[in-house]
Amino acid sequence: MSKNLEVEICCGSYYDTLQAWKGGAKRVELNSALHLGGLTPSLGTLRQVKKNTGLKVICMVRPRGAGFCYNMEDFEVMLEDAHILLENGADGIAFGCLTADRKINEKQTKKMVQLIKSYNKESVFHRAFDCVTDINEAMQTLIEIGVDRVLTSGLKSTAIAGAETIQYLQKEYGEQIEILAGSGLNAQNVQDFIRKTDVKQIHSSCKGWLPDMTTCSEDVSFSYRAKKKNACKEAIVGDYEVVDVVLVKKFIDMATCELAFEIEKEDEKVLKICYDNTALPEK
């Protein structure tokens, strides 16, 4: 593993970014409404993050849930949001615009990249890429337009499932555009994934849950977490997702360590321990 591997933590709030920062992250993707796949964050959130952390912040610009085929009104809002976020310290913008036939919307993508580049910031095409019909055509289009980075799970629901495609994208296009792999990566699977794909950048949510006892009353529920029937009348384990600082530390440690050993414990559980090569005794 390389210590130069870049790790990005997906955050949905100012609280999340503080956990990512405390856990050792240097870059985050800042969103709101992660339960919808991530929408544009508030200006207040961005300002707090830039004021109180040293994080590099890539702001999501996505006006609604569902897909990525945007009408004129949607896209006008996206451009305005991107402008406001860049004016207030965003280090880059993550976005994705597709046509109805699931190709890169070149016109909208060019306009967004031009705006981002006018601020000398980074342009990231997010997982809208995972909905395209032709990955080679899409990748070549993004390279021609000048997109800096693509976030992808290899056209599958998780990066683990899409590892073969991600390996191909890294090998075929990694010298022309940055490949950021994300979705479903954690401390337990990240080392094997990196070895298989040879990616240089990874993205994880390091997600935990916190309770909010006002989420459910006897007859009303505002929960968005999948729960079994009558769950509101039972003990609440967690009602909203957050970044877990412990998971961030573990993820970064495992992703950037040089060697990992599996040690069998007395209770037969396997513990994976990460070592830095510099700490190993000379042979």
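All values reported here derive from a predicted model rather than from experimental measurement.

(A) Here's a closer look at the overall build of the protein chain. Helices and strands together make up the secondary structure of the protein chain, namely eight helices and 12 strands. Partitioning the intrachain contacts of the protein chain with sequence separation of at least 6 by distance along the chain shows that 64% fall at a separation of at least 24. Accessible area for the protein chain stands at about 14800 Å²; split by element, carbon and sulfur atoms hold 50% of it.

(B) Representation of the layout of surface pockets. By volume, the largest pocket amounts to about 940 Å³. If you go around the largest pocket, you meet 40 residues; those closest to its centre are Ser-183, Gly-184, Ser-204, Ser-205 and Cys-206. When residues of the lining of the largest pocket are traced back to their parent elements, those giving at least two are β8 (201–204), β10 (240–243), α8 (245–256) and β12 (270–275). It is α8 that provides the largest number of residues to the lining of the largest pocket, a total of four residues. Per-class residue counts for the lining of the largest pocket are 18 nonpolar, 13 polar and nine charged.

(C) The pattern of salt bridges, seen in detail. Throughout the structure, instances matching the rule amount to 12 salt bridges. A salt bridge links Lys-56 to Glu-122; the nearest nitrogen and oxygen atoms lie 2.4 Å apart. With Lys-56 in strand β3 (residues 56–60) and Glu-122 in strand β5 (residues 122–125), this pair connects stretches of sequence that are 66 residues apart. In this structure Glu-122 comes out as buried when scored by relative accessible area, which is 18%. Here Asp-192 makes a salt bridge to Arg-195, at a shortest N to O gap of 3.3 Å. Of this pair, Asp-192 and Arg-195 both sit in helix α7 (residues 190–197), three residues apart, which is roughly one turn of the helix. Each of Lys-56, Glu-122, Arg-149 and Glu-178 takes part in a single network of salt bridges with overlapping partners.

(D) Layout of the sheet that holds β8. If you walk around this closed barrel you meet the eight strands as β1-β2-β3-β4-β5-β6-β7-β8, and the pairing is parallel. Averaged over all pairs of adjacent strands, the angle between their axes in this sheet comes to 25°, without regard to strand direction. As defined by bridge partners, strand β2 (residues 27–30) adjoins β3 across four bridges and the pair is classed as parallel. Across the sheet, Glu-29 pairs through a bridge with Ile-58, a residue of β3.

(E) Representation of the environment of Leu-185 in the model. Examined against the element boundaries, Leu-185 turns out to sit in the loop between β7 (178–182) and α7. Relative accessible area serves as the criterion here: at 4%, Leu-185 is assigned to the buried category. The spacing of Leu-185 and Ser-153 is 32 residues in sequence and 9.7 Å in space, taken between C-alpha atoms. Excluding its chain neighbours within four sequence positions, the residues that come into contact with Leu-185 are Ala-159, Ile-160, Phe-193, Ile-202, His-203, Ser-204 and Phe-251.

(F) Summary view of the nonpolar core. One finds Ile-9, Ile-93, Phe-95, Phe-125, Phe-129 and Ile-202 to be the most contacted residues of the largest nonpolar core, which totals 64 residues. Excluding its chain neighbours within four sequence positions, the residues that come into contact with Phe-95 are Val-61, Met-78, Thr-109, Met-112, Val-113, Ile-116, Ser-123, Val-124, Phe-125 and His-126.

(G) How the structure looks around a negative patch on the surface. On the surface, a cluster of negative charge is made up of Asp-101, Glu-106, Asp-134, Glu-137 and Glu-144. Looking at where Glu-144 falls in the secondary structure, it is placed in helix α5 (residues 135–145).

(H) Main features of the environment of Lys-200. Along the chain, the position of Lys-200 falls in the loop between α7 and β8. Of the residues examined, Lys-200 reaches a relative accessible area of 45% and is grouped as partly exposed. In the structure, Lys-200 is positioned 30 residues away from Gln-170 in sequence and 8.5 Å away in space, judged by C-alpha atoms. Setting aside chain neighbours within four positions, we find Lys-200 in contact with Leu-5, Glu-6 and Gln-170. A distance of 3.1 Å separates polar atoms of two side chains, one belonging to Lys-200 and the other to Asp-198.

About the thresholds
- Residues numbered from 1 in each chain as written.
- Predicted model: local features only at pLDDT ≥ 70, side-chain atom pairs only at ≥ 80, totals over all residues.
- Heavy atoms only, no water.
- Helix = DSSP H or I, 4+ residues; strand = E, 2+ residues; numbered from the N terminus.
- Contact = heavy atoms within 4.5 Å.
- Areas by Shrake-Rupley, 256 points an atom, 1.4 Å probe, with all protein chains shown as cover.
- 1 Å grid on protein atoms, 1.4 Å probe; cavity = no way out; pocket = protein on both sides within 12 Å on 5 of 7 lines; lining within 4 Å.
- Points joined across faces, edges and corners; volume = space filled by probe spheres on them.
- Nonpolar A, V, L, I, M, F, W, Y, C, P; charged D, E, K, R; others polar.
- Salt bridge = Lys/Arg side-chain N within 4 Å of Asp/Glu carboxyl O.
- Buried < 20%, exposed > 50% of the residue type's maximum accessible area, 1.4 Å probe, protein only.
- Pairing = 2+ DSSP bridges.
- Axes fitted to C-alpha atoms, helices over the stretch in contact; angles between N-to-C directions.
- Core = buried A, V, L, I, M, F, W, Y, C linked by side-chain atoms within 4.5 Å.
- Patch = residues over 30% accessible without salt bridge, like charges linked within 9 Å, V, L, I, M, F, W, Y side chains within 5 Å.
- Lys, Arg positive; Asp, Glu negative; His and termini not counted.
- Charge placed at Lys NZ, Arg CZ, Asp CG, Glu CD.
- Polar contact = N/O pair within 3.5 Å; in protein donor to acceptor, adjacent residues only side chain to side chain.

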